[in-house]
2 protein chains.
Amino acid sequence: MSDSTTNTLSTWVEVPKNSDFTIYNLPFGIFKNKRLTPRVGIAIGVKIVDLSVLDREGFFSDFFLPEGIFHSDVLNDLISLGKVQTKKIRERVQELLLEDNEKLRDHSARGKVMVNRKEAEMLLPVKIGDYTDFYSSLEHATNVGKMFRDPENALLPNWKHLPVAYHGRASSIIPSGVPVNRPKGQFKNPDMEKPGFGPSKKMDFELELAFITGKSTKLGDSVSTEDAEDYIFGFTLFNDWSARDIQAWEYVPLGPFLGKSFASSMSPWIVTLEALEHFRVNGPSQEPEVLPYLNCETPHSFDINLEVQIQPEGKKATKVCQSNFKYMYWNVAQQLAHQTINGCNINVGDLMASGTISGDAEESFGSMLELSWNGEKSLQLDGGEERTFLEDGDTVIMKGYAEKDGIRVGFGELKSQLIPAK
Amino acid sequence: MSDSTTNTLSTWVEVPKNSDFTIYNLPFGIFKNKRLTPRVGIAIGVKIVDLSVLDREGFFSDFFLPEGIFHSDVLNDLISLGKVQTKKIRERVQELLLEDNEKLRDHSARGKVMVNRKEAEMLLPVKIGDYTDFYSSLEHATNVGKMFRDPENALLPNWKHLPVAYHGRASSIIPSGVPVNRPKGQFKNPDMEKPGFGPSKKMDFELELAFITGKSTKLGDSVSTEDAEDYIFGFTLFNDWSARDIQAWEYVPLGPFLGKSFASSMSPWIVTLEALEHFRVNGPSQEPEVLPYLNCETPHSFDINLEVQIQPEGKKATKVCQSNFKYMYWNVAQQLAHQTINGCNINVGDLMASGTISGDAEESFGSMLELSWNGEKSLQLDGGEERTFLEDGDTVIMKGYAEKDGIRVGFGELKSQLIPAK
């Protein structure tokens, strides 16, 4: 498979320099365009491989796939086939796209199989059952603790013993491109005698990565850290939009609710775990030692560069944050082992997000809350604008890619505009 | 319709004295038995009306229902038809079951339409999209605050301003009858230096009612308290199983997670809002005044008697709690208005649970946590057993019914056994 570093792969498809969608990546998504109904595609360079047409033309005939598996508006059924099958499908596509492979390149159906990516509309790729949001960045949890609780004891006593998380709202997860209305709600600033009501005044993004589960468990069963990656299909960028004033007032004692549930945005291409294999690294050391069910024998962190840009309406975008997925204290295997240790069942298409990914350096903080230190300092944007929190019309752009040994695997963009309250 | 108090209705079906499933109730559920695949039924006395057979025999032919609407293992599609249709279906069934109506009573298919309830297996009636658990009982929130936080300031500052809630785990909601494994997890009692791991030692129930949403909203839209009941299809009993030691250690700052997500049980019959109309009452007065979006012009509380029994394995059941839904400080219209005020979209089949329903009196406390005051005092069960929290083999039985003017509408039983950790 391509993920070895020993040989360089090239393709007959046009792949611009610094494209996230190289022959090594081949993420899955759901697309449609003016002519085509929703279907499964794989991104490569400027194109999308229409898997439904590829299947119709017999390129998967030896796999005995269920009829119509690629004619769907979600990936759930495809993912449910299991990793053995989805891996074979992705490898077959890779093989067909290789420079010297003439099977598709010179095939009469090539024009129908290869769809222009810029003419496609990308849909939410998965019907999400349950959504969990972790809180796995030490730096983020420390920053929030300093601001909202006690600077001396920023990290709560449980934080280094378990990957803290909460259940999020699945219904309001939307794909890149869908604008987000500024939510209304209650807030009570320290100077207010009683709570006020109105559009949030502290709108924020949270830079996260999320994984999509690819295998179910039965109620009562647990997944070990060793087996956890068998249950992970792939990753997307995730913007956990947050209304800080609503959140601050509501979150005690049961956690975030309306401060988050108005919308969460995800990037439309699911980058498979296989595509990220080449970028696996050790995570931060964990001290104190974790309980045995959270112990990992092998690394489960990934070196993925992440960034956030803010683009005021009609203006240029400015990069405001540069972070990395490898900073996460708790890794994905630990998150999944923790989620299921009590016997909680998972289904194909659950989404588990990392929580805000902040690093040590100030420019690596993954939210406006941290970057502006709860509004205490302004961020300078190119073109003279300043921000403490987001303003109506601002577009938040998240990007992520891994790169090593000339191999690049990226997530594309997650780009959503904040629009005024309804 | 039957819900008027002026005339007494009777039916040709055998309805034992004190049956929850009177001619006034007619709740919807999904059942199967040895012969029959899953399908939609309506409970009446000792019987279930098999709506799929009723439909096949032409009893709904003037309603122009979608083909196969009653041949489903969930009620979602039926509920999605809307209240106008589901109300008509329920009213047609009621009409057919009336003492003097010979249409079904004397029909040759009567034997196939009327299925014995005790031979039926009841399934989870709804595919639940998102699950919200509120925290709407003043007495419960006060009790928990006294035990876990500050007896002098038991209620947190936000509690009387908004119906506090958290997102729960939808995947692990199971129907009555399915046993629940004691969950394993981390806990840290005050006397422990570092967290321990193992089966929870503080297993608890929470007595709740839940409503199922019957209408969707679009992202960005809100539901007013005035319109809220249009979005509520019906109610079930709900046991929000809780592992208090796991919960106490994990819940700061993001709320309950593994202490709850291992299982929640619901009763299988959905009692419609129409059937509860006759039991509508004013809720407690709310002081301080709520914000306008939470204000209600009309009552949205219901006088529903609730009780919990504990049955040790092989022993008799003992009633340990007697409460009432009308005690709830925040009503269902306020809950739904709050859930959507930020634009969070709801889908048909979402479940919103009340939170533990405790009253003023000690015997009305809706959890072992409160009844045993976090283990400080033992509950005496009939037969000499004592309990502070639940023991393996204990069956928790919840019941609920409304009764007035000789009209009774009940929920049947929610009965689940706690079994040892896996």
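Residues numbered from 1 in each chain as written. Chains lettered and ligands numbered in written order. Predicted model: local features only at pLDDT ≥ 70, side-chain atom pairs only at ≥ 80, totals over all residues. Heavy atoms only, no water.

As recorded in an unreviewed UniProt entry, chain A goes by fumarylacetoacetase and comes from Algoriphagus machipongonensis. In its Pathway (unreviewed entry) section, the UniProt entry covering chain A states "Amino-acid degradation; L-phenylalanine degradation; acetoacetate and fumarate from L-phenylalanine: step 6/6." Annotation of chain A in UniProt includes, under Sequence similarities (unreviewed entry), the sentence "Belongs to the FAH family." (UniProt positions renumbered as here; feature names shortened; annotations may be inferred.)

Novice: How would you sum up the relation of the copies chain A and chain B? Please name residues and give values.
Specialist: The two copies are related by a screw operation: chain A maps onto chain B through 180 degrees of rotation and 0.0 Å of translation along the axis, at an RMSD of 0.0 Å. When the rotation and shift are considered jointly, the pair of chain copies conforms to a two-fold rotation axis. Judged by C-alpha distance, G255(A) is the residue of chain A that lies nearest the rotation axis, at 2.1 Å. Interface overlap between copies is the fraction of interface residues in one copy that are interface residues in the other; for chain A against chain B it reaches 100%, indicating a shared surface. (Least-squares fit on C-alpha atoms with pLDDT ≥ 70 in both. Contact = heavy atoms within 4.5 Å.)

Novice: Give a detailed account of the sheet that holds strand 3 (residues 47-50) of chain A, specifying residues and quantitative values.
Specialist: All names here are of chain A. What the five strands build is an open sheet, ordered 4-3-2-1-5; its pairing is antiparallel. A single partner strand is all that each edge strand has here, and the edge strands are strand 4 (114-116) and strand 5 (121-122). Sheet analysis places strand 1 (residues 28-32) next to strand 2 (residues 39-44), joined by four bridges and oriented antiparallel. What sits directly across from I30, in strand 2, is V40. (Pairing = 2+ DSSP bridges. Helix = DSSP H or I, 4+ residues; strand = E, 2+ residues; numbered from the N terminus.)

Novice: Break down the UniProt feature "active site" (unreviewed entry) in chain A for me, with residues and values.
Specialist: All names here are of chain A. Feature annotation in UniProt places "active site" (unreviewed entry) on H140, given in this structure's numbering. Classification of H140 as buried rests on a relative accessible area of 2%. If we skip the residues at most four places from it in the chain, H140 touches Y135, E206, T356, S358, S367 and E370. (Buried < 20%, exposed > 50% of the residue type's maximum accessible area, 1.4 Å probe, protein only.)

Novice: So, the interface of chain A and chain B: which residues are in play, and what are the values?
Specialist: How big an interface is tends to be stated in terms of the accessible area lost upon association of its parts. Across the boundary between the two partners, chain A contributes 55 residues, which contact 55 residues of chain B. Of the roughly 5300 Å² buried between chain A and chain B, counting both surfaces, carbon and sulfur atoms make up 62%. Sorting the residues of chain A by area buried against chain B places H167(A), R169(A) and L254(A) first, and these three jointly supply 16% of that buried surface. At the junction of chain A and chain B, the tally comes to six salt bridges. Between K422(A) and D221(B) there is a salt bridge; the shortest N-O distance is 2.8 Å. Across the chain A-chain B interface, the total number found is 24 residue pairs in polar contact (both at pLDDT 80 or more). Contributing elements (two or more residues each) for the side of chain A that touches chain B: strand 7 (165-168), strand 10 (184-187), strand 11 (196-199), helix 7 (244-250), helix 8 (258-261) and helix 10 (332-340) of chain A. Its residues assigned to classes, the side of chain A that touches chain B comprises 28 nonpolar, 19 polar and eight charged. (Buried area = accessible area lost by both parts, 1.4 Å probe. Salt bridge = Lys/Arg side-chain N within 4 Å of Asp/Glu carboxyl O. Polar contact = N/O pair within 3.5 Å; in protein donor to acceptor, adjacent residues only side chain to side chain. Nonpolar A, V, L, I, M, F, W, Y, C, P; charged D, E, K, R; others polar.)

Novice: Pulling in residues and values, what's your account of the sheet that holds strand 21 (residues 318-324) of chain A?
Specialist: Residue and element names in this part refer to chain A. Ordered by their spatial adjacency, five strands build an open sheet running 9-26-25-20-21, and the pairing between neighbours is mixed. Two strands close off the open sheet at either side, each with one partner strand: strand 9 (180-181) and strand 21. In the sheet, strand 20 (residues 305-311) pairs with strand 21 via six bridges, with the strands oriented antiparallel. Across the sheet, the residue bridging to V308 is C321, located in strand 21.

Novice: Give a detailed account of the side chain of N101(A), specifying residues and quantitative values.
Specialist: All names here are of chain A. As for its position among the elements, N101 is in the loop between helix 3 (83-97) and helix 4 (102-105). Given a relative accessible area of 13%, N101 falls into the buried group. Discounting residues that sit within four places of it in the chain, N101 has contacts with W12, E95 and L96.

Novice: Got a sec to walk through the domain arrangement of chain A? Specific residues and values, please.
Specialist: Residues and elements named next belong to chain A. According to the domain assignment, chain A contains domain 1 (28-122) and domain 2 (131-419). Domain 1 and domain 2 are separated by 30 Å when their C-alpha centres are compared. Tallying the contact residues gives 16 residues for domain 1 and 17 residues for domain 2. Buried surface at the junction of domain 1 and domain 2, summed over both partners, amounts to about 1300 Å²; 67% is from carbon and sulfur atoms. Contact with domain 2 buries area across many residues of domain 1, yet F28, I79 and K83 alone supply 45% of it, more than any other trio. Counting every contact that joins domain 1 to domain 2 gives one salt bridge. The partner of K83 in a salt bridge is E274, with the nearest N and O atoms 3.4 Å apart. The tally of links between domain 1 and domain 2 comes to five residue pairs in polar contact (both at pLDDT 80 or more). (Domains from an automatic or database assignment.)

Novice: So, the nonpolar core: which residues are in play, and what are the values?
Specialist: The biggest cluster of nonpolar side chains holds 244 residues, and the ones touching the most others in it are L51(A), L97(A), L51(B) and L97(B). Dropping the residues within four chain positions of it, L97(B) is found in contact with S10(B), T11(B), W12(B), V13(B), I23(B), L26(B), I44(B), V49(B), L104(B) and M114(B). (Core = buried A, V, L, I, M, F, W, Y, C linked by side-chain atoms within 4.5 Å.)

Novice: Help me get a handle on the environment of I79(A), residues and values and all.
Specialist: All names here are of chain A. Within the fold, I79 resides in helix 2 (residues 76-80). Taking relative accessible area as the criterion, I79 reaches 1% and is therefore assigned buried. On a C-alpha basis, the gap between I79 and K215 in space is 7.9 Å, while along the polypeptide they are 136 residues apart.

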